[in-house]
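Read off the chains here:
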Amino acid sequence: MNWILLENEKQLDEIISASNTTPQVIFKHSTRCGTSKMVKNRLERNDNPAGINFYLVDLFKYRNISNRIASQFNVMHESPQVLVINNGNCIYDESHSAIVFDEIEEVVAQK
């Protein structure tokens, strides 16, 4: 897994724009949560599907970005949480142990 660190709100605007041609994935990660670490490790056992960007936002360092994600895509904040963004909209979100790479890959392949 090749994470792109999501560290500023300008990047979120770029993700939204890029999602018009290719679905984008955002993983909201809590560095202080055992479940989040477990899910991150599970995701990292996989390779990125071709052409898809996987972004990681550290919730403690960048809470403002996490809050904007929740507001922008009208999803309840959870941690850990994964969102698939397509055409500027969140088309899939999942949290905690329900985050499964195969499901993410399936949603992305359908777009």
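The name given to the protein chain in an unreviewed UniProt entry is Bacillithiol system redox-active protein YtxJ, and the organism recorded there is Hanamia caeni.

(A) Representation of the pairing of strand β3 (residues 53-58). Burial of β3 is extensive: five of the six residues sit out of reach of the surface. As paired elements, strand β1 (residues 3-5) and β3 share three bridges and run parallel to each other. The partner of Leu 5 across the bridge, within β3, is Leu 56. Relative to β3, strand β2 (residues 24-29) is paired through six bridges, and the arrangement is parallel. In the strand pairing of β3, Lys 28 is matched with Val 57. The parallel pair β2 and β3 is bridged by helix α2 (residues 34-43), and the resulting crossover is right-handed.

The rules behind these values
The residue numbering used here restarts from 1 in each chain and proceeds along that chain's sequence as written. Since the coordinates come from a predicted model, pLDDT governs what is reported: local features require at least 70, and pairs of side-chain atoms require 80 or more to be given and counted, while whole-chain, interface and lining totals use all residues. To get the side-chain values, all heavy atoms of the structure are used, and hydrogens and water are removed first. A simple rule labels every residue: compare its accessible area, found with a 1.4 Å probe on the protein chains alone, to the largest value its type can have, and call it buried under 20%, exposed over 50%, or partly exposed in between. Under the scheme used here, helices are H or I runs from DSSP no shorter than 4 residues and strands are E runs no shorter than 2 residues, and both carry numbers assigned from the N terminus. The rule for pairing is simple: two strands pair if DSSP sees at least two bridges between them. Clockwise travel from the first strand over the helix to the second, with the strands pointing away from the viewer, marks a crossover as right-handed.

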